[in-house]
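# Tertiary structure, described
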Amino acid sequence: MVTAAQAAALTTVNFALLALSLLTSPLAIVVMLSVVVGLLMIVLFGYTSDQKAIGIAKDQLKAHLLAVRLYRDQLQVVMGSYGKILRGTGRYLKLAFKPLLYVIIPITLLIVQLDRYLGLTPIHTNTPFLVSARVNNPEALDSVSIDLPPEITASAPPVHVAADNEVVWRLVASQEGSYDVKIAVGGQGASKTVRVSSQLARVSPERLRGHFWERMFSSGESALPANSAIESIAVDYPERNIPLGIAGYEMNWIWLFFILSMIAGFIFKELLGIQV
């Protein structure tokens, strides 16, 4: 006979398993983050903006738009209202610009970090994938070599793409894990991390030499040495589209995040009475 303590323990375990499944579900993560970001976005905008001035500017715009509708048969009034609408729009944008900067900059940084988890999927075991290395001159192509860990093997000979100064390998991983693939050119070497997993994991599609801003947005690894002959090492991770559970539709996580956070923002705007 199941006691109350056993029933409570079983319920706790089931709840923990459900919470864990939600934390590893890309769709659940995007939904939860969208709601939180939508709330923070509205609250931050409210605290950093002149709410009274924005309210006045919006009321004036509504009044001018109403004048256009009411006096559409009086050209002079309509033209004057259009001019006031343009000036009012400029005044509103000026009031909203600084708060929008406070909102946009942290959200952009957040999206960059989240994209390393949600934008791409890790490599799956026993599934071929590509690793490519680009060098700084075509003469170095023939001296490019690769050193693989025991869990990763080459499934085809390397392909030399002279037009791009690039060598491409087709590889297969036999076990899940995080591995370093080492590329050598003329005595100089560099490594690139390869993530093999069936779970949500942080991945970096390429490692670059220089290109500071590009590394900020596309790479999660340190820069290649400045004196290296290797310009980049890339792993061809599959793109992730999040299933919506509706007739088989899928969507890129950034579009889904943008739509849901805007909806959440508008809802919280009304609930909190914040002028946007």
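Just above, that's the structure.
Residues numbered from 1 in each chain as written. Predicted model: local features only at pLDDT ≥ 70, side-chain atom pairs only at ≥ 80, totals over all residues. Heavy atoms only, no water.

## Concerning the nonpolar core
Formed by 28 residues in total, the largest nonpolar core has its most connected members in F129, I152, W169, I183 and V194. Of all the elements in the fold, those that place two or more residues in this core are β1 (129–135), β5 (166–173), β6 (177–185), β7 (188–196) and β9 (230–235). Core analysis: the next-biggest nonpolar cluster, separate from the first, contains 21 residues, V30, F45, L114 and L118 among them. (Core = buried A, V, L, I, M, F, W, Y, C linked by side-chain atoms within 4.5 Å. Buried < 20%, exposed > 50% of the residue type's maximum accessible area, 1.4 Å probe, protein only. Helix = DSSP H or I, 4+ residues; strand = E, 2+ residues; numbered from the N terminus.)

## Here we look at helix α3 (residues 51–70)
The terminal C-alpha atoms of α3, which comprises 20 residues, lie 29 Å apart, in line with the 28 Å expected from a rise of 1.5 Å per residue. Among all positions in α3, only I54, G55, A57, L61, H64, A67 and V68 are buried. Where the residues of α3 are buried, they touch α2 (26–48) and α4 (75–118). (Expected span 1.5 Å × (residues − 1). Contact = heavy atoms within 4.5 Å.)

## Quick notes on the pattern of salt bridges
Taken as a whole and assessed by the stated rule, the structure comprises four salt bridges. Among the salt bridges present, the one from E166 reaches R134, with a minimum N-O distance of 3.4 Å. Note that E166 is positioned in strand β5 and R134 in strand β1, a separation of 32 residues in sequence. Taking relative accessible area as the criterion, R134 reaches 33% and is therefore assigned partly exposed. A salt bridge links K269 to E270; the nearest nitrogen and oxygen atoms lie 2.7 Å apart. A relative accessible area of 14% places K269 in the buried class. (Salt bridge = Lys/Arg side-chain N within 4 Å of Asp/Glu carboxyl O.)

## Considering the side chain of R207
Its place among the elements puts R207 in strand β8 (residues 206–208). Within the buried core, R207 has no salt-bridge partner, and the shortest N-O distance to an opposite charge, that of E221, equals 5.3 Å. Those residues in contact with R207 that lie beyond four places of it in its chain are S191, K192, S219, E221, S222, A223, L224, E231, S232 and I233. (Lys, Arg positive; Asp, Glu negative; His and termini not counted.)

## Concerning the sheet that holds β7
Sheet architecture is open: three strands sit in the order β2-β6-β7, paired in antiparallel fashion. For this open sheet the edge positions go to β2 (144–147) and β7, each flanked by a neighbour on one side alone. Taking the axes of each pair of neighbouring strands and ignoring which way they run, one obtains an average angle of 25° across the sheet. Both β6 and β7 contribute to a ladder of nine bridges, which runs antiparallel. Within the sheet, the bridge partner assigned to K182 lies in β7 and is S191. (Pairing = 2+ DSSP bridges. Axes fitted to C-alpha atoms, helices over the stretch in contact; angles between N-to-C directions.)

## Concerning the packing of α2 against helix α6 (residues 253–272)
What describes two packed helices is the angle between their axes and the distance between those same axes. Between α2 and α6, whose axes approach to 7 Å, the crossing angle comes to 40°. By the angle between their directions, the pair α2 and α6 is classed as oblique. Crossing of α2 against α6: the hand is right-handed. On α6, the residues that touch L27, V30, V31, L33, S34, V35, V37, G38, L39, M41, I42 and V43 of α2 are W253, L256, F257, L260, S261, M262, A264, G265, F268, K269 and L272. The residue makeup of the contact of α2 with α6, split by class, is 18 nonpolar, four polar and one charged. (Parallel < 35°, antiparallel > 145°, perpendicular 65-115°, else oblique. Left-handed = near helix turned anticlockwise from the far one by under 90°. Nonpolar A, V, L, I, M, F, W, Y, C, P; charged D, E, K, R; others polar.)

## Focus on a nonpolar patch on the surface
Taken together, L39, W255, F258, I259, I263, I267, L271 and L272 make up a surface patch of nonpolar side chains, about 810 Å² in accessible area. By the element assignment, I267 lies in helix α6. Here I267 falls in the partly exposed class, since its relative accessible area comes to 46%. (Patch = residues over 30% accessible without salt bridge, like charges linked within 9 Å, V, L, I, M, F, W, Y side chains within 5 Å. Areas by Shrake-Rupley, 256 points an atom, 1.4 Å probe, with all protein chains shown as cover.)

That's the geometry; what it means functionally is another story.
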